[in-house]
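Inside the fold
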Amino acid sequence: QVQLVESGGGLVMAGGSLSLSCAASGRTFSTYIMGWFRRAPGKEREFVGRITGSGMTYYADSVKGRFTISRDNAKNTVFLQMNNLKPEDTAVYYCAAVPPFSGEYVYWGQGTQVTVSS
């Protein structure tokens, strides 16, 4: 029903910034909770943060103060602004969507690679 496509990944130096986008195809995007996750090499998937349809955000402690999630419901897009990047932020970043009342991330994107060099 819903397709998610991430973009904006790339190679940056430690201390730099990068902005990711996630474009969604769906007729009720504004009702979805949208989340960002990441998976580093050799590690399990990690929660990064989420944003509700009304714009309320929540972040993992590891990224608080450095990452910001926002959304543009008119454009069916969610963003992840990453500042003061560290080598340990290197991972494949995924966006995901929670349909209303499901309580679960049902839809996932293919991911975009973020590499932070020292």
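Described in the following lines is the structure provided in the data block. (Residues numbered from 1 in each chain as written. Predicted model: local features only at pLDDT ≥ 70, side-chain atom pairs only at ≥ 80, totals over all residues. Heavy atoms only, no water.)

Quick notes on the packing of aromatic side chains
- In total, this model carries 6 aromatic pairs according to the counting rule given.
- Here the aromatic rings of Phe37 and Trp108 are separated by 4.9 Å at their centres, their planes lie at 50°, and the arrangement is tilted. Here Phe37, found in strand β4 (residues 33–39), pairs with Trp108, found in strand β10 (residues 107–108); they are 71 residues apart in sequence, far enough to count as distant.
- The buried category is assigned to Phe37, whose relative accessible area is 6%. (Phe/Tyr/Trp six-rings, centres within 6.5 Å; stacked < 30°, edge-to-face > 60°. Helix = DSSP H or I, 4+ residues; strand = E, 2+ residues; numbered from the N terminus. Buried < 20%, exposed > 50% of the residue type's maximum accessible area, 1.4 Å probe, protein only.)

Points about the sheet that holds strand β7 (residues 67–72)
- A sheet is described by the order of its strands in space; here 4 strands give the open sequence β1-β3-β8-β7, paired in antiparallel fashion. Either end of the sheet is taken by a strand with one partner, and the two such strands are β1 (3–7) and β7. Taken pair by pair, the neighbouring strands of this sheet meet at an average axis angle of 15°, ignoring direction.
- The sheet contact formed by strand β3 (residues 18–25) and strand β8 (residues 77–82) spans 6 bridges and is antiparallel. Bridging across to β8, Leu18 finds its partner in Met82. (Pairing = 2+ DSSP bridges. Axes fitted to C-alpha atoms, helices over the stretch in contact; angles between N-to-C directions.)

A word on the pattern of salt bridges
- One pass over the structure, following the stated rule, counts 4 salt bridges.
- Of the charged contacts in the structure, one is a salt bridge between Arg38 and Asp89, with a shortest N-O distance of 2.9 Å. Of this pair, Arg38 sits in strand β4 while Asp89 sits in the loop between β8 and β9 (91–98), placing them 51 residues apart in sequence. Like Asp89, Arg38 is buried.
- Between Lys64 and Asp61 there is a salt bridge whose closest N-O contact spans 3.2 Å.
- Overall, the relative accessible area of 47% leaves Lys64 in the partly exposed class.
- Using a relative accessible area of 65% as the deciding quantity, one classes Asp61 as exposed. (Salt bridge = Lys/Arg side-chain N within 4 Å of Asp/Glu carboxyl O.)

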